[in-house]
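# Structure at a glance
One-letter residues, chain by chain:
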Amino acid sequence: MTSTRRLYVACAACLMASACAKSAPLLSQRCDNPDVQLASLLPPFEALRAKGCDAGASPECDRLRREIARLAVVCPAHAPTLMANAVIAYDEQRPADSQQLLDLILAQPRSYPDAAVLRARIGIEEGNVPFARRLLEQHIKLVPDHPGLHETYAAALYLDGNMPEARSELAMAGVLGAPRWRIAYHLGLIEEALGRGDEASRFYAEALEGNPGWAPAASRLKALRAGAASR
């Protein structure tokens, strides 16, 4: 999933959980109708990110980024704004900042599965797989029909070497709506780890059919084919 699409999906999910009312864009240090204020900032920011929005390269992009960050200061309990800033920080390779924002969301009384998914992903990338598993298990109990929770849980199980359970979680994620190309890629990882190169290649090829630009699948497929040719 591209960073822009991830930002849209994660924030849209949080926005649907909040009450919406009409308001002017953020112009003062007041937390008035944060859903509408955020909605006025995200679409133009996403459009610029889709074209390439490196820090300092676009004054308008920088302005929107600052406005989104300022809204989180003005409305520190508004989960969609915290989530937007967490995704931006993660995509800009600032995992500590992202983690801090996600922890604020997850400390709120209700469940925010998208925040749990990203927080678990950061935990996995930092090598803290036990934490990621506990967090995902907790939120799967609360929101059992969220595909991202099951997909990320499968990744944690894979890293723990629990291939049968990882495969089962991927099947559940697929039924719940996770993209088939991503499920195929993860299944390829499992088959490759089990030493079944032909099956892994088939899944990687399927992933590339669904998402031709998916570099990790292309790299692994190329390596497997090169290894088979050299034997």
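Residues numbered from 1 in each chain as written. Predicted model: local features only at pLDDT ≥ 70, side-chain atom pairs only at ≥ 80, totals over all residues. Heavy atoms only, no water.

### Examining the pattern of salt bridges
Throughout the structure, instances matching the rule amount to 16 salt bridges. Arginine 65 is the partner of glutamate 92 in a salt bridge, and the nearest nitrogen-oxygen pair spans 2.6 Å. Highlighted residues: glutamate 92 in the loop between helix H4 (79–91) and helix H5 (95–106) and arginine 65 in helix H3 (residues 59–74), separated in sequence by 27 residues. The exposure class of arginine 65 is buried, given its relative accessible area of 15%. Notably, a salt bridge pairs arginine 70 with glutamate 67, separated by 2.9 Å at the nearest N-O pair. Placement of the pair is arginine 70 and glutamate 67 together in helix H3, with a separation of three residues, close to one helical turn. Through salt bridges with shared partners, a single network forms among Asp62, Arg65, Glu92, Arg94 and Asp97. (Salt bridge = Lys/Arg side-chain N within 4 Å of Asp/Glu carboxyl O. Helix = DSSP H or I, 4+ residues; strand = E, 2+ residues; numbered from the N terminus. Buried < 20%, exposed > 50% of the residue type's maximum accessible area, 1.4 Å probe, protein only.)

### Let's talk about the environment of glutamate 192
Topologically, glutamate 192 is positioned in helix H10 (residues 180–193). Given a relative accessible area of 29%, glutamate 192 falls into the partly exposed group. Taking C-alpha positions, glutamate 192 is 9.3 Å from arginine 220, a pair spaced 28 residues apart along the chain. Setting aside its immediate chain neighbours within four residues, glutamate 192 contacts Ala200, Tyr204, Arg220 and Leu224. (Contact = heavy atoms within 4.5 Å.)

### Looking at the nonpolar core
Core analysis: the largest hydrophobic core is formed by 34 residues, its most contacted members being Leu149, Leu170, Ile183, Tyr185 and Tyr204. Of all the secondary-structure elements, those providing two or more residues to this core are helix H6 (113–125), helix H7 (129–142), helix H8 (147–159), helix H9 (163–176), H10, helix H11 (197–210) and helix H12 (215–230). When residues in this core are grouped by element, the largest group, six residues, is from H10. Not counting residues up to four positions away in its chain, the partners in contact with tyrosine 185 are Phe203, Tyr204, Ala207, Trp214, Pro216, Ala217 and Arg220. Of all hydrophobic cores here, the second largest spans 14 residues; its members include Ala72, Val87, Ile105 and Leu118. (Core = buried A, V, L, I, M, F, W, Y, C linked by side-chain atoms within 4.5 Å.)

### Things to note about the state of the cysteines
In the structure shown here, the tally under the stated rule is one disulfide. Cysteine 31 shares a disulfide with cysteine 75; S-S distance 2.1 Å. For the disulfide bridge between cysteine 31 and cysteine 75, the dihedral angle about the S-S bond is near 125°, and by the sign convention the bridge is right-handed. A residue pair is termed long-range when its members are at least 10 positions apart, and cysteine 31 in the loop between helix H1 (3–16) and helix H2 (34–51) and cysteine 75 in the loop between H3 and H4 qualify at 44 residues. When its relative accessible area of 41% is taken as the criterion, cysteine 31 is described as partly exposed. (Disulfide = S-S within 2.5 Å.)

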